[in-house]
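Okay, here's what each chain looks like letter by letter:
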Amino acid sequence: MTLTVALPKGRLGKTSWEYLFDPMPYPFDDRKLTFENDAYKVLWVKPSDVLTYVEAGIADCGITGLDTLNELNPQVYRIKALPYGMCQLVVAGPKKVSESAGATLKVATKYPNLARKYFKENGQKIQLIPLQGSVELAPIVGLSDVIVDIVETGSTLKANDLEVKKTIMTSHAMMVANPAKHRLKFNEIQTLLENIRKEP
Ligand code: PRP
């Protein structure tokens, strides 16, 4: 049976292809959204949409970040942690911000659920400001006091004069599967897992 795999566009995507399908050459360009051969159909989608396709069973399995997985908490099996896509989910802000307890902190983020949970556990009242991207802009222009966002190399924070205040979690790539498809295509998924490159 053909195995349908959803892969994330963006920085996880090309590495995912290399871990799963090397030495097959990377087949996607800017516009092409699917790849198919005898064994696999690959869908090329936004990282958070990987979970939508897998949850719906359109993709049998897929790869996304642990950060996105924990944020959206979908009904999928977490079948394997993968050794790439390492990054930190952090609270960051300008060097002069004081996180005085009791005050309501304005928090801009693409991760509203994880941010809410983190500050609740730490007894900090917040006002959430959901954004879709370029979150680092928010504290610079006064939309928020801090951000909750991903840091990989740190260059975006540095370029915008922001610093890490707290680390919430470490993230990495995760392989997930639709529960029903995991039963139906167990052997195909095992074959894919066995073929995953072991070294970075
Ligand atoms: C992510 C993240 C940070 C940046 C961090 O954004 O939200 O902005 O990467 O990476 P760095 O530490 O290596 O600089 P992404 O590039 O996915 O784009 P976005 O801001 O539009 O969400």
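Residues numbered from 1 in each chain as written. Predicted model: local features only at pLDDT ≥ 70, side-chain atom pairs only at ≥ 80, totals over all residues. Heavy atoms only, no water.

## Focus on the site of the ligand
Definition in use: Being near a molecule or strand, for a residue, comes down to having at least one heavy atom within 4 Å of it. In the analysis that follows, any N or O atom pair within 3.5 Å is treated as a polar contact, provided that within protein one partner can donate a hydrogen and the other can accept it, and provided that, for residues neighboring in sequence, both atoms belong to side chains. In these tables, accessible area is a Shrake-Rupley quantity obtained with a 1.4 Å probe, and a residue counts as shielded only by the protein chains included in the view. To qualify as a helix, a DSSP run of H or I must reach at least 4 residues; to qualify as a strand, a run of E must reach at least 2; elements of each kind are numbered from the N terminus. Residue type decides the class: Asp, Glu, Lys and Arg count as charged, Ala, Val, Leu, Ile, Met, Phe, Trp, Tyr, Cys and Pro as nonpolar, and the leftover types, Gly among them, as polar.
Close contacts around the ligand come from 13 residues, with Lys-110, Glu-136, Asp-149, Thr-153 and Thr-156 the closest. Measuring from an oxygen atom of the ligand, one finds a backbone N or O atom of Glu-152 at 2.8 Å. About the coverage of the ligand: the protein hides 72% of its 500 Å² of free accessible area. Taken together, the elements giving at least two residues each to the shell around the ligand come down to β9 (146–151) and α6 (155–159). The biggest single contributor to the shell around the ligand is β9, with three residues. The class makeup of the residues in the shell around the ligand is two nonpolar, six polar and five charged.

## Quick word on unusual backbone geometry
Pro-23 follows Asp-22 through a cis peptide bond whose omega is 10 degrees. The topology assignment puts Pro-23 in the loop between α1 (11–21) and β2 (34–36). A positive phi is found at Asn-73, a non-glycine position, where the angle reads about 45 degrees. The residue Asn-73 is located in the loop between α3 (66–72) and β5 (77–81) in this model.

## Some words on the environment of Phe-186
For Phe-186, the location among the structural elements is in helix α8 (residues 186–195). Sequence separation between Phe-186 and Leu-3 is 183 residues; the distance between their C-alpha atoms is 10.0 Å.

## Section: the environment of Tyr-84
Mapped onto the secondary structure, Tyr-84 falls in the loop between β5 and β6 (87–94). Residues Tyr-84 and Ala-173, spaced 89 residues apart in sequence, show a C-alpha to C-alpha distance of 5.9 Å.

## Some thoughts on the domain arrangement of the chain
In plain terms, the rule: Where each domain starts and ends follows an automatic or database-derived domain assignment. Counted as salt bridges are all cases of a side-chain nitrogen of Lys or Arg within 4 Å of a carboxyl oxygen of Asp or Glu.
When its domains are assigned, the chain resolves into domain 1 (3–84 + 172–194) and domain 2 (87–171). Computed from C-alpha coordinates alone, the two centres of domain 1 and domain 2 are separated by 29 Å. Our enumeration of links across domain 1 and domain 2 arrives at one salt bridge. Across the pair Glu-152 and Arg-11 runs a salt bridge, and its minimum N-O distance is 2.4 Å. At the junction of domain 1 with domain 2, the criterion picks out six residue pairs in polar contact (both at pLDDT 80 or more). The element that contributes the greatest number of residues to the side of domain 1 that touches domain 2 is α3, accounting for five residues.

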